Amino acid sequence: MSSSFTAIAGSKRSLHVQVAREIARRILSGQLEQGQVIPGEMTLCEQFGISRTALREAVKLLTSKGLLESKPKIGTKVVGRLNWNFLDPQLLEWMEGLQNAEVFYHQFLGLRKAIEPEACALAARNATADQRIELSETFQQMCEIADNFDQERWAEVDMHFHRLIFFSTGNDFYLPFGNVMATIFMSFIHHSSKDGGVCINEHRAIYDAIMAGNADKARAASQFLLKEEKHRLPSEVA
């Protein structure tokens, strides 16, 4: 497969990020294969039209995300998929449009099923008074939008509702998942809320259980919301 790149134009501040994105998308799409040694430094600097400093910063960024590794006498090669940091918000952003959307959403829903019901249960137990007030205000906005549907506004507020649940768990290890939600959730909600499908009653059940401090009901309500048919997805994806 071709590994040549085209010149990048942009501010010095973001140049290495743009380069990292272009290389990352080649890796994520399979154009640069796992184990493949990428072109050398001089070649890439010439193709991108950038300095060695910018290229090295880009490689450093991709290395931190588990996509590349550099070894003496070998060069810089693509690392195996098992090492890619799929929970990195920037990496998730770079993946947009590269995979079958339905498969991608199904995988994301699978992640949510694994962690979000317990996050709701923990929020029911541990949310602070301020967090409960914010959740109440957010849910009220959801009700208003559901009555006068605006998909852009719904996606924004629905995302905030679910992120707030993760931030209200009282468990620091749930916080990164709230940030991951921000990266993928907008696209996911646009898919699931098409034609006004907002599942407001299912969200209400989660909200009521959290506000009542009932962890078991919060968990069960979340599990019900996360069924594939609630999000315009088939129960199985090939």
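Please refer to the structure higher up on the page.
What you see is a predicted model, and the numbers here were worked out from it, not measured in a lab. (Residues numbered from 1 in each chain as written. Predicted model: local features only at pLDDT ≥ 70, side-chain atom pairs only at ≥ 80, totals over all residues. Heavy atoms only, no water.)

Novice: Give a detailed account of the overall build of the protein, specifying residues and quantitative values.
Specialist: Looking only at helices and strands, the protein features ten helices and two strands. Going from N to C terminus, the protein has its helices and strands arranged as α-α-α-β-β-α-α-α-α-α-α-α. Expressed along its principal axes, the backbone C-alpha trace of the protein runs to roughly 60 × 35 × 35 Å. When the 238 residues of the protein are sorted by exposure, 44% land in the buried category. The long-range fraction of contacts in the protein, counting pairs at least 24 apart against all pairs at least 6 apart in sequence, stands at 69%. As displayed, the protein offers around 12400 Å² of accessible surface, 49% of which is attributable to carbon and sulfur atoms. Counting 26 positive and 29 negative side-chain charges, the protein places the averaged centre of each group 8 Å from the other. (Helix = DSSP H or I, 4+ residues; strand = E, 2+ residues; numbered from the N terminus. Buried < 20%, exposed > 50% of the residue type's maximum accessible area, 1.4 Å probe, protein only. Contact = heavy atoms within 4.5 Å. Areas by Shrake-Rupley, 256 points an atom, 1.4 Å probe, with all protein chains shown as cover. Lys, Arg positive; Asp, Glu negative; His and termini not counted. Charge placed at Lys NZ, Arg CZ, Asp CG, Glu CD.)

Novice: Give me the packing of helix 9 (residues 200-212) against helix 10 (residues 215-225): which residues, what numbers.
Specialist: Two elements in contact, helix 9 and helix 10, have axes separated by 8 Å at closest approach and are oriented at 165°. With respect to their mutual orientation, helix 9 and helix 10 come out roughly antiparallel. In the crossing of helix 9 with helix 10, the sense of the turn from one axis to the other is left-handed. Between helix 9, through Glu-202, His-203, Ala-205, Ile-206, Ala-209 and Ile-210, and helix 10, the contact on the second element is made entirely by Lys-217, Ala-218, Ala-221, Ser-222, Phe-224 and Leu-225. Partitioned by chemical class, the residues of the contact of helix 9 with helix 10 number eight nonpolar, two polar and two charged. (Axes fitted to C-alpha atoms, helices over the stretch in contact; angles between N-to-C directions. Parallel < 35°, antiparallel > 145°, perpendicular 65-115°, else oblique. Left-handed = near helix turned anticlockwise from the far one by under 90°. Nonpolar A, V, L, I, M, F, W, Y, C, P; charged D, E, K, R; others polar.)

Novice: Hey, could you go over empty space enclosed by the protein for me, with residue numbers and the actual values?
Specialist: Under the counting rule described, the total for this entry stands at two cavities of 30 Å³ or more. Taken as a whole, the largest cavity holds about 100 Å³ of empty space. Along the walls of the largest cavity sit 16 residues, with Asp-158, Ser-192, Val-198, His-203 and His-231 positioned nearest its centre. Going through the elements one at a time, helix 7 (151-167) and helix 8 (175-192) are the ones with two or more residues in the lining of the largest cavity. For the lining of the largest cavity, the element with the highest residue contribution is helix 8, accounting for four residues. (1 Å grid on protein atoms, 1.4 Å probe; cavity = no way out; pocket = protein on both sides within 12 Å on 5 of 7 lines; lining within 4 Å. Points joined across faces, edges and corners; volume = space filled by probe spheres on them.)

Novice: With reference to specific residues and values, describe the pairing of strand 2 (residues 75-78).
Specialist: In terms of strand pairing, strand 1 (residues 68-71) meets strand 2 through four bridges, oriented antiparallel. Counterpart to Glu-69 in the pairing with strand 2 is Lys-77. What sits between strand 1 and strand 2 in their antiparallel hairpin is a turn of three residues, with Lys-73 showing a positive phi close to 70°. (Pairing = 2+ DSSP bridges.)

Novice: Just give me the short version of the environment of Gly-213, but keep the residues and values in it.
Specialist: Tracing the chain through its elements places Gly-213 in the loop between helix 9 and helix 10. With 92 residues separating them in the primary sequence, Gly-213 and Ala-121 have C-alpha atoms 8.4 Å apart. Those residues in contact with Gly-213, other than ones at most four positions away along the chain, are Ala-124 and Arg-132.

Novice: Account for helix 2 (residues 41-48), naming residues and giving values.
Specialist: By the burial criterion, the buried members of helix 2 are Leu-44, Cys-45 and Phe-48. Within helix 2, the buried residues cover an arc of 100° as seen down the axis, which keeps them to one side. Opposite the packed face of helix 2, turned more than 90 degrees from it, sit the exposed residues Met-42 and Glu-46. Of the residues one or two after helix 2, Gly-49 is the one with positive phi, at around 70°. (Arc of directions from axis to C-beta.)

Novice: Please give an account of the layout of surface pockets that cites residues and values.
Specialist: Reported here for the largest pocket is a volume of approximately 230 Å³. Considering the residues around the largest pocket, the lining is formed by 14 residues, among which Glu-96, Gly-97, Phe-104, Tyr-105 and Ser-187 are closest to the centre. Among the elements of the structure, helix 4 (89-94), helix 5 (101-126) and helix 8 are those that each provide at least two residues to the lining of the largest pocket. By residue class, the composition of the lining of the largest pocket is eight nonpolar, four polar and two charged. Within this model, the second largest pocket holds a volume of roughly 190 Å³. Looking at the lining of the second largest pocket element by element, the count peaks at four residues for helix 5. When grouped by side-chain class, the residues that make up the lining of the second largest pocket number eight nonpolar, two polar and one charged.

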